[in-house]
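Coordinate inspection notes
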Amino acid sequence: MGLQPLLRAVSAKARRAAYLLACITAVLLWCGWAGAADQTANDAIISHLNAIIKLYRSASAEVQAGGMPSDVIYQENGQSLTAQAVRLAFQAAKAEAAAIRATQKNGAPNANSGQSSAQLEARNNARMAEVQTKIESLNKQISVSPRSKRDALVAQKQALEGELTLDQAIRDVLQKRSAFAENVDSAAEGLEGRINQLERSIPGVMAGSNDQKSATATKSNTPAEPAKQSSAASSGLISQLLGLYGTVTSVHEIDQLNDETVRVRQIASDLRQPMRDSLIATVKKGRELANQSTLGQGTPATPEQFQDLTDQFKQLSAIVLPLSQEVSVLDQCSANLTEWRTSILRESKYSARALAVRVGGILLALGLVLALSEGWRRLTYKYIEDPRRRRQFLLLRRFVMGFFFGVVLILGFVSEFSSLVTFAGFVTAGIAVGLQSVLLSVAAYFFVVGRYGIHVGDRISIAGVTGDVIDISLVRLYVIELAGTGIDLYPTGRVVVFSNSVLFQATTPLFKQIPGTGYAWHEAVFTLVSGANHQAAQEKLLEAVTSVYEQFRADMERQYSYIERRIEVQLKAPRPETRLQFGDAGLELVLRYPVQIRKEPEMDEQVTRKVLELIQAQPDVQAAVAGSPKIRAAIRG
């Protein structure tokens, strides 16, 4: 009798263990399937929203397209379309999150009994209460029963206690299942929270279309657009090059934006496709149920079935319709970008053509300047034989051609002439202050090389230095130094360098030869004896010096003629002359005669020889002259 209750208890324990394993398996399978499916759906929704937000921010960035009015329109249309696509994407995401939450609240069916988790837990609690009541009843019976019946009652009590233990284990599993369902609900709330966070990251996008249009109109009326257009329309070569480069960059940015738009459209299309298939299947199932009810084929459909299909259709359509609208809006956005790209390329062709014309004009102008420079050089070598004048004309050619080159380059490359003039004014003032000595030397150069200026070969005296000019540069004057006493001047072997600005210094006088002449005046001084025939001696000495002068007279007269042609001043022709004067030693005869600068020693030597021969050959002259005569320069240098 005691063994049979024990066997029944063991059999009941086995059945309850099998029931427990079946419940645990069903719960675990349901949790794994629901978690994986929900996680995949959540990732797809968030990935879609991230992609559409990134597209909106890319479209909101300023595309430097050249400032044309059409560019502003295209850009504003693109921003408006992407903002609309963002709103539709969030609408679809919220609808899908709500659908996921509704599915999780309804719960998944149990694999064994088809009962919900709440029903299983309620039945298990009722069974545990019933078993507890039986155990309490057996405890009372055991306390009052005889020993012969007590063993059977104890066996029944032990079986019920084992059953109660199993029910408690089942309760724990069902509680874990409920906790998992609550976690799934929290995950759904987390999805909606992430959607709301993403929505708050782009404030103003979810505003009404009227507000966005007014903001767009306000933005398009800002003064920045005319400035961009005027900058793009400037005629400078650098501005046109920068504008063309900006056009190429804009086309690249638009291509990237279009590629991103196509990628987001594909994401939305992939997300819409399974929902669309489910929606088509729901409509098809509803038609089949309607046909069964109308034609009387099979079991007629109940109103609950139609209601379930209606709810399912509304749920799916709330997701599919915004996604379809989003795909359509993204198609419009892609078409807008394509049309914008075509417009920019069309404008860039005109810009490239204008740039080519400008470059051609600059090259043509530079070619004309080079041709003028070459013609100037050839005419200078052909018609100007004087090396000094030729050098001056070639130097002037450099300045003039450099000026023309600068004008061509400035007019070709610069468009903001007002800024250029201001900048040039400041630069010129700085140069004038910092290089005033150099500029003064350059200005003096044009006086030095003028008609009555200093020429190469002239003998000058400046700052106590006498010498012959060997070179005249733009800022410097080079002189071979001469030294000696009286008429005995000889090169010292040194070259003295003066700044051209010395011409404007009042404390540094400059002495030079008469322009176009190469002669100087020397004097032969004779001391006369009192009571001698001064008139005869004067005539004979003049005649002797004149005989020497006759050898060089032709060259002297040629220089005199040159002076008369160059300057409008009447000058006395150079010829020997005499005069009597009182000196420290008594009565003196001064015989003045011209000498060529390059032949001074030769002429002075001939004059000396003639005078000595005359004194030795003519007693009256010898009697009239006391001591040895002296030859000196009338004007030094």
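Residues numbered from 1 in each chain as written. Predicted model: local features only at pLDDT ≥ 70, side-chain atom pairs only at ≥ 80, totals over all residues. Heavy atoms only, no water.

**Describing the overall build of the protein**
Counting secondary structure elements, the protein contains 15 helices and nine strands. Out of the 637 residues belonging to the protein, those deemed buried represent 36%. Looking at the protein alone, contacts between residues at least 24 apart form 75% of all its contacts between residues at least 6 apart. (Helix = DSSP H or I, 4+ residues; strand = E, 2+ residues; numbered from the N terminus. Buried < 20%, exposed > 50% of the residue type's maximum accessible area, 1.4 Å probe, protein only. Contact = heavy atoms within 4.5 Å.)

**Quick word on the pattern of salt bridges**
Inspection of every chain in the model, using the stated rule, returns 15 salt bridges. For the salt bridge of glutamate 130 with lysine 134, the shortest nitrogen-to-oxygen distance reads 3.7 Å. Highlighted residues: glutamate 130 and lysine 134, both in helix 3 (residues 117-144), separated by four residues, approximately one helical turn. Owing to a relative accessible area of 46%, glutamate 130 belongs among the partly exposed residues under this scheme. Exposure remark for lysine 134: the relative accessible area of 41% places this residue in the partly exposed category. Taking the shortest distance from any N to any O, the salt bridge between aspartate 255 and arginine 341 comes out at 2.6 Å. Here aspartate 255, found in helix 7 (residues 237-295), pairs with arginine 341, found in helix 8 (residues 303-383); they are 86 residues apart in sequence, far enough to count as distant. (Salt bridge = Lys/Arg side-chain N within 4 Å of Asp/Glu carboxyl O.)

**A word on the sheet that holds strand 9 (residues 625-633)**
Two strands in a sheet stick together by hydrogen bonds in their backbones, pointing the same way (parallel) or opposite ways (antiparallel). Read from one edge to the other, the open sheet built from four strands follows the order 7-8-6-9, with strand pairing classed as antiparallel. In the strand order of this sheet, the two ends are held by strand 7 (577-583) and strand 9, each with one partner. For this sheet, the mean inter-axis angle between neighbouring strands, taken without regard to orientation, is 25°. Pairing of strand 6 (residues 519-528) with strand 9, which is carried by six bridges, proceeds in the antiparallel orientation. Bridge pairing in strand 9 links glutamate 523 to arginine 632. Relative to the sheet, helix 14 (residues 600-617) contacts strand 6, strand 8 (586-596) and strand 9, its axis offset from that of strand 8 by approximately 140°. (Pairing = 2+ DSSP bridges. Axes fitted to C-alpha atoms, helices over the stretch in contact; angles between N-to-C directions.)

**Focus: a nonpolar patch on the surface**
Taken together, the side chains of Leu372, Phe403, Phe404, Val407 and Leu411 define a hydrophobic patch exposed on the protein surface, amounting to about 440 Å² of accessible area. Broken down by element, the nonpolar patch gets its largest block of residues, four residues, from helix 9 (residues 387-413). As for its placement among the helices and strands, leucine 411 is situated in helix 9. Leucine 411 sits in the partly exposed class, given a relative accessible area of 49%. (Patch = residues over 30% accessible without salt bridge, like charges linked within 9 Å, V, L, I, M, F, W, Y side chains within 5 Å. Areas by Shrake-Rupley, 256 points an atom, 1.4 Å probe, with all protein chains shown as cover.)

**So, helix 11 (residues 436-448)**
The end-to-end C-alpha separation of helix 11 is 18 Å, in line with the 18 Å expected for 13 residues at 1.5 Å each. Every buried residue belonging to helix 11 is among Ser441, Ala444, Tyr445 and Val448, and all of these are buried. For helix 11, the angular spread of the buried residues around the axis is 115°, confining them to a single face. Exposed and oriented more than 90 degrees from the buried face of helix 11 are Gln436 and Phe447. (Expected span 1.5 Å × (residues − 1). Arc of directions from axis to C-beta.)

**Digging into the packing of aromatic side chains**
Think of a pair of aromatic rings as described by two things: how far the centres are apart, and how the planes are tilted against each other in angle. For the structure on display, the rule yields two aromatic pairs. Its end group placed over the ring of tryptophan 521, arginine 592 keeps NZ or CZ at 3.9 Å from the ring centre. (Phe/Tyr/Trp six-rings, centres within 6.5 Å; stacked < 30°, edge-to-face > 60°. Lys NZ or Arg CZ within 6 Å of the ring centre and 35° of its normal.)

**Things to note about helix 14**
For helix 14, which comprises 18 residues, the first-to-last C-alpha distance of 26 Å matches the rise-based estimate of 26 Å (1.5 Å per residue) to within 8%. For helix 14, every residue scored as buried is listed here: Glu600, Met603, Asp604, Gln606, Val607, Val611, Leu614 and Ile615. For helix 14, the arc enclosing every buried residue in end-on projection is 165°, short of the 170-degree limit, so these residues lie on one face. Relative to its buried face, helix 14 has exposed residues pointing more than 90 degrees away, namely Pro601, Arg609, Gln616 and Ala617.

**Remarks on the packing of helix 12 (residues 534-549) against helix 14**
Packing of helix 12 against helix 14 leaves a shortest axis separation of 9 Å and a crossing angle of 145°. Here helix 12 and helix 14 pass one another in a crossing that is right-handed. Residues Lys540, Leu541, Ala544, Val545, Ser547 and Val548 of helix 12 form the contact with helix 14, whose participating residues are Met603, Gln606, Val607, Lys610, Val611 and Leu614. Looking at the contact of helix 12 with helix 14 residue by residue, the classes come out as eight nonpolar, two polar and two charged. (Left-handed = near helix turned anticlockwise from the far one by under 90°. Nonpolar A, V, L, I, M, F, W, Y, C, P; charged D, E, K, R; others polar.)

**A word on the packing of helix 8 against helix 9**
Between helix 8 and helix 9, whose axes approach to 10 Å, the crossing angle comes to 175°. One finds that helix 8 runs roughly antiparallel with respect to helix 9. Tallied by class, residues from the contact of helix 8 with helix 9 come to 18 nonpolar, three polar and four charged. (Parallel < 35°, antiparallel > 145°, perpendicular 65-115°, else oblique.)

**What to know about the side chain of glutamate 96**
Its place among the elements puts glutamate 96 in helix 2 (residues 69-106). As a buried residue without a salt bridge, glutamate 96 has its nearest oppositely charged side chain in arginine 272, at a separation of 11 Å. What glutamate 96 contacts, discounting residues up to four positions off in sequence, is Ile45, Leu271, Met275 and Ile319. (Lys, Arg positive; Asp, Glu negative; His and termini not counted.)

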